[in-house]
Amino acid sequence: MALFTYSIMSHLLRLSANKASVLRTGTEGKCGAAVCLQFIRCQRSVDTKALQERQKQHMAKGLPRQKPITGVKQVIVVASGKGGVGKSTTAVNLALALMANDSSKSVGLLDADVYGPSIPKLMNLKGNPELSDNNLMIPLTNYGVPCMSMGFLVDDAAPIVWRGLMVMSAMEKLLRQVDWGSLDYLVIDMPPGTGDVQLSITQNIPVAGAVIVSTPQDIALLDARRGAEMFKKVNVPILGLVQNMSVFHCPKCQHQTHIFGSDGARQLAHTLGEEFLGDVPLHLNIRESSDRGQPVVVSCPQSPEVWLIFFLP
Amino acid sequence: MFPRAGDGNLSQVRHVVLILSGKGGVGKSTITTQLALALTHAGNKVGILDTDLCGPSIPRMLSVGRPDVHQCDSGWVPVYTDSRKNLALMSIGFLLADPDEAVVWRGPKKTALIGQFVSDVAWGELDVLLVDTPPGTSDEHLAILENLKKHRVDGAVLVTTPQAVSTGDVRREITFCKKTGVRVLGVIENMSGFVCPHCSECSNIFSKGGGEELAKLTGSVFLGCVPLDPQLSSSIEEGKDFAELFPDSTTFSAISSISHTILNSLQTT
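Residues numbered from 1 in each chain as written. Chains lettered and ligands numbered in written order. Predicted model: local features only at pLDDT ≥ 70, side-chain atom pairs only at ≥ 80, totals over all residues. Heavy atoms only, no water.

Identification of chain B as Cytosolic Fe-S cluster assembly factor NUBP2 from Solea senegalensis is taken from an unreviewed UniProt entry. A UniProt comment under Sequence similarities (unreviewed entry) is attached to chain B, and it reads "Belongs to the Mrp/NBP35 ATP-binding proteins family. NUBP2/CFD1 subfamily." Word for word, the UniProt comment on chain B under Function (unreviewed entry) is "Component of the cytosolic iron-sulfur (Fe/S) protein assembly (CIA) machinery. Required for maturation of extramitochondrial Fe-S proteins. The NUBP1-NUBP2 heterotetramer forms a Fe-S scaffold complex, mediating the de novo assembly of an Fe-S cluster and its transfer to target apoproteins. Negatively regulates cilium formation and structure." (UniProt positions renumbered as here; feature names shortened; annotations may be inferred.)

As named in an unreviewed UniProt entry, chain A is Iron-sulfur cluster transfer protein NUBPL, taken from Solea senegalensis. Under the Sequence similarities (unreviewed entry) heading, UniProt states for chain A: "Belongs to the Mrp/NBP35 ATP-binding proteins family."

Turning next to the overall build of chain B. Of the regular secondary structure elements, chain B holds nine helices and twelve strands. Relative to the 2.2 N^0.38 estimate, which gives 18 Å for 269 residues, the radius of gyration of chain B is 18 Å and therefore close to what a compact globule would have. A principal-axis box enclosing the C-alpha atoms of chain B has dimensions of 65 × 40 × 40 Å. Within chain B, buried positions represent 62% of all 269 residues. As presented, chain B carries roughly 10,300 Å² of accessible surface, and 50% of it is formed by carbon and sulfur atoms. If the 23 positive side-chain charges of chain B are averaged to one point and the 29 negative ones to another, these points end up 7 Å apart. (Helix = DSSP H or I, 4+ residues; strand = E, 2+ residues; numbered from the N terminus. Rg over C-alpha atoms; globule rule 2.2 N^0.38 Å. Buried < 20%, exposed > 50% of the residue type's maximum accessible area, 1.4 Å probe, protein only. Areas by Shrake-Rupley, 256 points an atom, 1.4 Å probe, with all protein chains shown as cover. Lys, Arg positive; Asp, Glu negative; His and termini not counted. Charge placed at Lys NZ, Arg CZ, Asp CG, Glu CD.)

Before going further, it helps to examine the interface of chain A and chain B. With 53 residues of chain A at the interface, the matching set in chain B holds 53 residues. Here chain A and chain B share an interface that buries about 4,700 Å² over both sides, 59% of which is from carbon and sulfur atoms. In terms of surface lost to chain B, no three residues of chain A exceed Arg163, Ile219 and Arg226 of chain A, which account for 15% of the buried area on that side. At the junction of chain A with chain B, the criterion picks out 20 residue pairs in polar contact (both at pLDDT 80 or more). Of all the elements in the fold, those that place two or more residues in the side of chain A that touches chain B are α4 (119–122), α5 (164–176), α6 (196–204), α7 (218–233), β7 (238–249) and α9 (284–291) of chain A. (Contact = heavy atoms within 4.5 Å. Buried area = accessible area lost by both parts, 1.4 Å probe. Polar contact = N/O pair within 3.5 Å; in protein donor to acceptor, adjacent residues only side chain to side chain.)

All names here are of chain A. With six of its eight residues buried, strand β1 (residues 72–79) lies for the most part within the structure. Bridge count between β1 and strand β5 (residues 183–189): six bridges; the pairing is parallel. Of the residues in β5, the one forming a bridge with Gln74 is Tyr185. Here β1 runs beside strand β6 (residues 209–214); their pairing, made up of four bridges, is parallel. Looking across to β6, one finds that Ile76 is bridged to Gly209. (Pairing = 2+ DSSP bridges.)

Turning our attention to the UniProt feature "binding site: ATP" (unreviewed entry) in chain B. All names here are of chain B. The feature "binding site: ATP" (unreviewed entry), as annotated in UniProt, sits at Gly22, Lys23, Gly24, Gly25, Val26, Gly27, Lys28 and Ser29 in this numbering. Considering the arrangement of structural elements, one finds Gly22 in the loop between β1 (13–20) and α1 (28–41). Each residue touching Gly22, except ones within four places of it in the same chain, is listed here: Pro135, Gly136, Asp169 and Glu173. If you trace the backbone, Lys28 turns up in helix α1. Ignoring sequence-local partners within four residues, the contact set of Lys28 consists of Ile19, Leu20, Ser21, Lys23, Asp132, Thr133, Pro134, Pro135 and Val159. At a separation of 3.0 Å, a polar atom in the side chain of Lys28 contacts the main-chain carbonyl oxygen of Lys23.

Its place among the elements puts Thr33 of chain B in helix α1. With near-sequence residues (within four places) excluded, Thr33 of chain B lies in contact with Ile48, Ile58, Met61, Leu62 and Ile236 of chain B.

The biggest cluster of nonpolar side chains holds 77 residues, and the ones touching the most others in it are Trp123, Leu129 and Leu158 of chain B. When residues no more than four places from it in sequence are discounted, the contact partners of Leu158 of chain B are Leu20, Ser21, Val170, Glu173, Ile174, Cys177, Val184, Gly186, Val187 and Ile188 of chain B. Counting residues in hydrophobic clusters, the runner-up holds 75 residues, among them Met123, Trp180, Tyr185 and Val236 of chain A. (Core = buried A, V, L, I, M, F, W, Y, C linked by side-chain atoms within 4.5 Å.)

Okay, the side chain of Thr194 of chain A next. Note on placement: Thr194 of chain A falls in the loop between β5 and α6. Within the structure, Thr194 of chain A has its side chain in polar contact with the backbone oxygen of Val103 of chain B (distance 2.7 Å). Not counting residues within four places of it along the chain, the set of residues in contact with Thr194 of chain A comprises Arg226, Gly227 and Met230 of chain A together with Cys54, Val103, Val104 and Trp105 of chain B.

The positions that UniProt labels "binding site: [4Fe-4S] cluster" (unreviewed entry) are, in the present scheme, Cys196 and Cys199 of chain B. Among the structural elements, Cys196 of chain B can be located in the loop between β10 (194–195) and β11 (202–203). Judged by its relative accessible area of 1%, Cys196 of chain B falls in the buried class. In contact with Cys196 of chain B, other than residues within four places in its own chain, are Cys250, Cys253 and His255 of chain A together with Glu201 of chain B. Discounting chain neighbours no more than four positions away, the residues touching Cys199 of chain B are Cys250, Lys252 and Cys253 of chain A.

With that out of the way, let us pick up the confidence of the model for chain B. Residues and elements named next belong to chain B. On average, residues of chain B score 87 in pLDDT, and 96% of them are at 70 or above. Across residues 1–6 the pLDDT falls below 50, and counting only partners more than four positions away or on other chains, this stretch makes six contacts in the model. Of the two predicted TM-score estimates for the complex, the pTM is 0.78 and the ipTM is 0.76. (pLDDT = per-residue confidence, 0-100.)

With that settled, consider helix α3 (residues 107–119) of chain B. Over its 13 residues, α3 of chain B extends 18 Å from the first C-alpha to the last, a length consistent with the 18 Å expected when each residue adds 1.5 Å. Taken residue by residue, α3 of chain B has Gly107, Lys110, Thr111, Leu113, Ile114, Gly115, Phe117, Val118 and Ser119 of chain B as its buried positions. (Expected span 1.5 Å × (residues − 1).)

Here we come to the packing of aromatic side chains. What the rule picks out here adds up to three aromatic pairs over all chains. Geometrically, the ring pair formed by Phe248 of chain A and Phe194 of chain B is edge-to-face, given 5.2 Å between the ring centres and 90° between the ring planes. Taken together, the residues Phe248 of chain A in strand β7 and Phe194 of chain B in strand β10 connect one chain to another. According to the relative accessible area criterion, Phe194 of chain B is buried, its value standing at 0%. Ring centres of Trp76 of chain B and Phe117 of chain B lie 5.9 Å apart, and the angle between their planes is 70°; this geometry places the pair in the edge-to-face category. Note that Trp76 of chain B is positioned in strand β4 (residues 75–76) and Phe117 of chain B in helix α3, a separation of 41 residues in sequence. Pair check on accessibility: Trp76 of chain B and Phe117 of chain B agree, each one buried. (Phe/Tyr/Trp six-rings, centres within 6.5 Å; stacked < 30°, edge-to-face > 60°.)

Structure (structure tokens):
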């Protein structure tokens, strides 16, 4: 979008600069050919410099300025680059763990995955958000966490077939036109990839930090690494890496199987010079309770895999 | 005005099949590569077009490294996995100077590259072209469908894992297919059950039966279950041919059977 805007503006700027030089040569024609030519060359170099200066100013204006969300103190994004590694599950449980660790903190949850919104399912929330008196959407709340998701605004089976521009516009509304109230933390569950949504969010709001989630396998780590590089490019600090689905304990014989490999995320964290936040094992409990809409931090707070999530904040 | 070289590049491709999901991380790329390998082992010439620009996994899974992409009269020459040229690939992974580079592009740029991938790759003669897609229903998917309009899309295979968060998103993808007139060849339930290598107990880590229920709900064909197999994961990691290494495994027979079903339904249209 920005590139398209720049090219249109630079084209218009070039046209208006050419028009101005023709006018000037017209008025200076009486002075004599050689002098005129020199004068035209000087004028053109001055025009070029002025043009470049104007272009610089326009380009600086072109990038959106980061504006904090009203009422929200800090924004944490949970991202990956790879799909299906457990970003939504981690985001939900992280939000709940932040509150459980310190009950004075208020935490909100924003589902930025427009195409595959999972938060409604994971938080057991349904229905359309109502509007407040000043026309802001009121987030739906469960387990004390106000949540907003595209999933509340569309039918369960309806695909959201939107190009990037529409998604940017939707993200703007989900960020700014929601009555979050006063929040200490807003946890944003990001979609997979490194595209429009990630750029829109990081360019429009100040982000306190990013938690990168990955499974241990190389295929996932490649994308997680790209995700981390993207955040570095847009100057978002990385809080650390979480290794999800690290190991499976057979419920019958307790044999440990590293289905998706072992320790890959830990090694990646070391390579990137980022903090390794911990392992979350592959446990039937997490999937079963997620499918029921009862995040494991709430449904099984005593289970070992949950203690890790408590330590993450 | 020169005729576009691209229009002819798909003329010798018999069938084009999209591998879709809607949900990330369900195994689209894994299933794409395994179906492609199963089809080549059965004597077919197959191509894979990797349109996941932000997370191109196919080159790594097939262990083709980072060869240069050459040009010929008809356009870009695809990368072949071996000298027999039975499996052709194209991915943004081959075009990046740095393989770890993040591709942080907005929609229009992605659309433009996918247009080139569809039109300007000299696929030659192929029995099946599998198109691996990123999750969602966005610019990439619209670009693929718009550019393939001139040729045709023979169908889409939907991949899901059994759990509810996954089937919910895949349901949206099936609706997308219906709205855009893409025939749904069937639903595959991936990561369906894990058999402990120690005691053979089967654990439904990601639940079970969700894919089959989804197929029933949407009136689609259920193509089958592929179990969660650590040997498949490690073959993918190492870029090895799982079909050659473990031809007697339950996983390979599931994939092989699914590939036959897909080929039969393509040939009967």
